[in-house]
Amino acid sequence: MRRIGSTPAERGSVGANNCPDVLELEDGDFLVIGKLHLLTAPEEERMNEVGASIGEDESVVLVPRDCILAAAKQLASEGGVG
């Protein structure tokens, strides 16, 4: 397992309860740590409009933009994002 992107501390996290992160598993899949997000009615409507849905075994997780951008930047520099 390895971290993708910057550490929570590098992104300004100072508390144990504010540590969004992206981790890559040995098989190439990713674990994303974020806050459990309960969809609002407008968010749910917009998801339906774009054809997105949440399976019974899935959860919505909110991940701060800076965390995702740091991970995407690292993956792109490694040639891992098309």
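What comes next is a walk through the structure. (Residues numbered from 1 in each chain as written. Predicted model: local features only at pLDDT ≥ 70, side-chain atom pairs only at ≥ 80, totals over all residues. Heavy atoms only, no water.)

A word on the nonpolar core
Link 1 in the chain: Counting residues in each nonpolar core, the largest one holds six residues, listed as I4, V22, V63, C67, A71 and L75.
Link 2 in the chain: Ranked by the residues each element gives to this core, the list is headed by helix α2 (residues 65-77), at three residues.
Link 3 in the chain: Excluding residues that lie within four positions of it along the chain, V22 makes contacts with R2, R3, I4, F30, L31, C67, I68 and A71. (Core = buried A, V, L, I, M, F, W, Y, C linked by side-chain atoms within 4.5 Å. Buried < 20%, exposed > 50% of the residue type's maximum accessible area, 1.4 Å probe, protein only. Helix = DSSP H or I, 4+ residues; strand = E, 2+ residues; numbered from the N terminus. Contact = heavy atoms within 4.5 Å.)

Quick look at the side chain of S6
Link 1 in the chain: Note on placement: S6 falls in the loop between β1 (2-3) and β2 (21-24).
Link 2 in the chain: A residue is classified by how much of its surface remains accessible, and S6, at 18% relative accessible area, is buried.
Link 3 in the chain: S6 has contacts with R11, D21 and A70, leaving out every residue within four places of it along the chain.

What to know about the pairing of strand β3 (residues 30-33)
Link 1 in the chain: Direction of pairing for β2 relative to β3: antiparallel, over a ladder of four bridges. Within β3, the position partnered with D21 by the bridge is I33.
Link 2 in the chain: Here β2 hands over to β3 after five residues, with G28 in that stretch at a positive phi of 95°. (Pairing = 2+ DSSP bridges.)

Some words on the environment of S59
Link 1 in the chain: Tracing the sequence through the fold places S59 in the loop between α1 (41-49) and β5 (61-62).
Link 2 in the chain: On the basis of relative accessible area, S59 is assigned to the exposed category, the value being 57%.
Link 3 in the chain: Taking the C-alpha atoms as reference points, S59 and L38, separated by 21 residues in sequence, lie 9.1 Å from one another.
Link 4 in the chain: Residues within four places of S59 in sequence aside, it is in contact with L36 and I54.

Remarks on the sheet that holds β2
Link 1 in the chain: Strand order across the open sheet formed by three strands is β1-β2-β3, with antiparallel pairing between neighbours. Among the strands making up the open sheet, the edge pair consists of β1 and β3.
Link 2 in the chain: Sheet topology note: the β1/β2 ladder contains two bridges and is antiparallel. Directly across from R2, in β2, lies its bridge partner E24.
Link 3 in the chain: Along the sheet, α2 contacts β1, β2 and β3; its crossing angle with β2, the most-contacted strand, is approximately 30°. (Axes fitted to C-alpha atoms, helices over the stretch in contact; angles between N-to-C directions.)

Re the pattern of salt bridges
Link 1 in the chain: Here the structure, examined in full by the defined rule, presents four salt bridges.
Link 2 in the chain: E24 is the partner of R2 in a salt bridge, and the nearest nitrogen-oxygen pair spans 2.8 Å. Residue R2 is found in strand β1, and its partner E24 is found in strand β2; the two are separated by 22 residues along the sequence.
Link 3 in the chain: Its relative accessible area of 34% is what places R2 among the partly exposed residues.
Link 4 in the chain: Within the structure, one salt-bridge network assembled from shared partners comprises R2, E24 and E78. (Salt bridge = Lys/Arg side-chain N within 4 Å of Asp/Glu carboxyl O.)

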